[in-house]
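So the chains spell out like this:
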Amino acid sequence: MKIKITIASLIYNSKVYADSIYDTLFKNTPELHTGEAEFFFIANDASEEVINHLIKQKYKFYINDNPSKSETELLEMGYAYPEYIHRVYKGWNKVFEYAEGDIVVLLNSDMIVSKKWLDNILKNLTTDRIVTSRLVESPSSVHHARWAGAIPYNLGDNPINFDEDKFKLLSKLYSLPEFIPGGAFMPCAVYKDVAISAGLYPEGNLSAGSWMDILRYGDEDFFYNRLSKKGVNHITAMDSIVYHFGEGESREVYKKTDFINKFINFRKYKSYLELGTNEKETFNKIKCNFKTSVDLNFDSDYKMSTDEFFKINTDKFDIIFIDANHTEAFLTRDIYNSLNCLNDGGVIICHDVNPPNEYSQIDENFLYQTAWKSFVKFRLSSNFLTYSLPYDCGLGIIDKKYQAEKACFELPVDLEFSDLDRNRELFLGFKHNIIL
Ligand SMILES: C[S@@+](CC[C@H](N)C(=O)[O-])C[C@H]1O[C@@H](n2cnc3c(N)ncnc32)[C@H](O)[C@@H]1O
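These figures come from a predicted structure and were not determined experimentally.

**Observations regarding the site of the ligand**
Part 1 of the reasoning: As a structural note, the neighbourhood of the ligand is formed by 17 residues, with G276, N278, T282, D323 and N325 the closest of them.
Part 2 of the reasoning: A breakdown of the residues in the shell around the ligand according to their chemical character gives 5 nonpolar, 8 polar and 4 charged.

**Here we look at the sheet that holds strand β4 (residues 79–80)**
Part 1 of the reasoning: On the basis of which strands lie adjacent, the open sheet formed by 3 strands has the order β4-β11-β12 and antiparallel pairing. Each end of this open sheet is capped by a strand with a single partner; those strands are β4 and β12 (214–216).
Part 2 of the reasoning: Across 2 bridges, β4 lies against strand β11 (residues 205–207) in antiparallel orientation. Counterpart to Y79 in the pairing with β11 is L206.

**A closer look at the packing of helix α12 (residues 328–340) against helix α13 (residues 371–381)**
Part 1 of the reasoning: Put simply, α12 and α13 touch, their axes get as near as 7 Å, and they point 45° apart. On the basis of their axis angle, the class for α12 and α13 is oblique. Considering the relative orientation of α12 and α13, their crossing is right-handed. Of the residues in α13, those in contact with E328, L331, T332 and I335 of α12 are A371, K373, S374 and F378.
Part 2 of the reasoning: Residues belonging to the contact of α12 with α13 are distributed by class as follows: 4 nonpolar, 2 polar and 2 charged.

**Some thoughts on the domain arrangement of the protein**
Part 1 of the reasoning: Structurally, the protein comprises domain 1 (5–251) and domain 2 (256–428).
Part 2 of the reasoning: Here the C-alpha centroids of domain 1 and domain 2 sit 39 Å apart.

**Re the environment of N124**
Part 1 of the reasoning: The residue N124 is located in the loop between α6 (117–122) and β7 (129–137) in this model.
Part 2 of the reasoning: Judged by the 18 C-beta atoms lying within 10 Å of it, N124 is partly exposed.
Part 3 of the reasoning: Residues within four places of N124 in sequence aside, it is in contact with R129, V131, F179, I235 and A237.

**Looking at the pairing of strand β5 (residues 103–106)**
A regular strand places its side chains so that they alternate between the two faces of the sheet.
Part 1 of the reasoning: Because side chains alternate across β5, one face comprises the buried residues I103 and V105, and the other comprises V104 and L106, equally buried.
Part 2 of the reasoning: Here 4 bridges tie β5 to strand β10 (residues 188–191), and the two strands are oriented antiparallel to one another. Pairing of I103 across the sheet is with Y191, part of β10.

**Focus on helix α10 (residues 256–267)**
Part 1 of the reasoning: The end-to-end C-alpha distance of α10, which contains 12 residues, comes to 16 Å, matching closely the 16 Å that a straight helix rising 1.5 Å per residue would cover.
Part 2 of the reasoning: Each element contacted by the buried residues of α10 is listed here: β14 (271–275), β16 (317–322), β17 (342–351), β18 (384–389) and β19 (395–403).
Part 3 of the reasoning: Just downstream of α10, K268 is the residue with a positive phi angle, here 55°.

**So, the nonpolar core**
Side chains that are nonpolar tend, in soluble globular proteins, to be buried together.
Part 1 of the reasoning: Ranked by internal contacts, the top residues of the largest apolar core, which has 62 residues, are I11, A18, A43, V104, V105, L106 and V242.
Part 2 of the reasoning: Considering every element that reaches this core, the biggest residue donor is strand β13 (residues 233–244), with 6 residues.
Part 3 of the reasoning: The residues contacting A43, other than those within four sequence positions of it, are I11, V50, I51, L54, F61, Y62, I63 and N64.

**Description of unusual backbone geometry**
Part 1 of the reasoning: Residue Y81 is joined to P82 through a cis peptide bond whose omega torsion reads -10°.
Part 2 of the reasoning: Relative to the elements of secondary structure, P82 occurs in the loop between β4 and α5 (83–98).
Part 3 of the reasoning: Omega for the bond connecting M186 with P187 falls within 30 degrees of zero, at -5°, which places this linkage in the cis form.
Part 4 of the reasoning: Structurally, P187 is set in the loop between β9 (179–181) and β10.
Part 5 of the reasoning: With phi around 50°, D45 is a residue other than glycine that occupies positive phi space.
Part 6 of the reasoning: Mapped onto the fold, D45 is located in the loop between β2 (37–44) and α3 (48–56).
Part 7 of the reasoning: Backbone geometry at L200 places phi at a positive 55°, although glycine is not the residue there.
Part 8 of the reasoning: Residue position: L200 is located in the loop between α8 (192–198) and β11.
Part 9 of the reasoning: With 19 C-beta atoms packed within 10 Å, L200 lands in the partly exposed category.

**So, the sheet that holds β14**
Part 1 of the reasoning: Taken in spatial order, the 6 strands make up an open sheet running β15-β14-β16-β17-β19-β18, and their pairing is mixed. Both edges of this open sheet fall to β15 (290–294) and β18, since each of them pairs with a single strand only. Between one strand axis and the next, the sheet turns through 15° on average, direction left out of account.
Part 2 of the reasoning: Summarising the sheet, β14 and β16 pair through 4 bridges and their orientation is parallel. Following the sheet pairing, Y272 is matched in β16 by I319.
Part 3 of the reasoning: Against the sheet, α10 touches β14, β16, β17, β18 and β19, its axis set at about 170° to β16.

**Examining the pairing of β17**
Part 1 of the reasoning: For β17, a buried count of 7 out of 10 residues is recorded, marking the element as mostly surrounded by other parts of the structure.
Part 2 of the reasoning: Taken together, the 5 bridges between β16 and β17 define a ladder with parallel strand orientation. From the neighbouring strand, I319 faces β17, where its bridge partner is V347.
Part 3 of the reasoning: With α12 bridging β16 and its parallel neighbour β17, the resulting β-α-β unit is right-handed.

About the thresholds
- Residues numbered from 1 in each chain as written.
- Predicted model: local features only at pLDDT ≥ 70, side-chain atom pairs only at ≥ 80, totals over all residues.
- Near = placed C-beta within 6 Å.
- Nonpolar A, V, L, I, M, F, W, Y, C, P; charged D, E, K, R; others polar.
- Pairing = 2+ DSSP bridges.
- Helix = DSSP H or I, 4+ residues; strand = E, 2+ residues; numbered from the N terminus.
- Axes fitted to C-alpha atoms, helices over the stretch in contact; angles between N-to-C directions.
- Parallel < 35°, antiparallel > 145°, perpendicular 65-115°, else oblique.
- Left-handed = near helix turned anticlockwise from the far one by under 90°.
- Contact = placed C-beta atoms within 7 Å.
- Domains from an automatic or database assignment.
- Buried ≥ 20, exposed ≤ 12 C-beta atoms within 10 Å, placed from the backbone.
- Expected span 1.5 Å × (residues − 1).
- Core = buried A, V, L, I, M, F, W, Y, C linked by C-beta atoms within 7 Å.
- Right-handed = clockwise from strand over helix to strand, strands pointing away.

Structure (structure tokens):
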């Protein structure tokens, strides 16, 4: 079948967003399965890590490395600050060069689409229209309320804590079979020839004479204006609902609470144990039917040491977050004791296993301490799936749901921080997301 529609996203440095946009598109866009549509990434000045990930995942992509331009050169081209705008819009313009379809659909990687998002755009598309989706955005998002038809709702600020069930409900509830003028600028669909003849995206902010003096913002506003001058009107399809995280790849901060809640939500876990709850900052954010807290010094269900707790405990748990004493000997005991009261299919998460520097892992400094040594050694001895996430100080995962080959590397007898620093990926088994 001939490709009629090209869908594309830019990607820079986030494997999480690459997977997230790919998954949501392939789940909700039947045209990608019939061969009517293609999807590709423009790896726009992308990191080597992301490019390797795209290759590994067999995602279709084109590399666009933008030659660096000085402020003077950009000013000579008629553009003002900031420099990155130039590279962003060069990336989007590349899509039109590679697109096989007559229709081009652009969307940001920090978006989640709903069922029929594309059909409902396409049914409104003509050669004198550029059609956009109706965005759901958190009221705290920088963009919120800027767009006609926007729905203010917080469903999460990244793909890890995204509330998919609520989004499905919301997109049914708000779907209106009509369109309104104006709206957000992405996702958008336009006929390729129409966009090309309008001059595509300007490749920067328009300068009023100096580098710091912007005459017109060269963002989508400008592109839509170019189209409008050609008689192409901007409309929003009120039944093409798309969630926008808003912060995108520029702010990748994934928190332990997001991962813990994702495990609980996805695996339908019922019981949560936290060792070392302190003032319950994490504990209070965990959504689980039965929660148990243990802390030696703070108000909790069991105000005692974890060793004492394990002596008297008779309960079993689905998920255990270990964040008490972070020295190697203590964490090792906490891990083995936790395994004894972990249900089959359960998971253990150890905090602070990725110390950034030598100082932070010295036990006497009471920061990350030597938790990493315990986790790394455990990986060598365990047949359960073990890996870690390089977020939120390092989260070491021990997953009883999956059997795996023991991690395979050698450790020196006197294991030191410099060994970890040279072999972080290998010792800690980094993954960029949890395995559900
Ligand atoms: C880093 S704080 C925990 C932070 C908390 N998990 C959170 O995310 O907000 C560590 C806590 O572990 C407690 N703790 C330290 N050693 C302990 C032990 N052996 N048994 C139980 N609790 C311990 C401390 O009192 C402290 O409150």
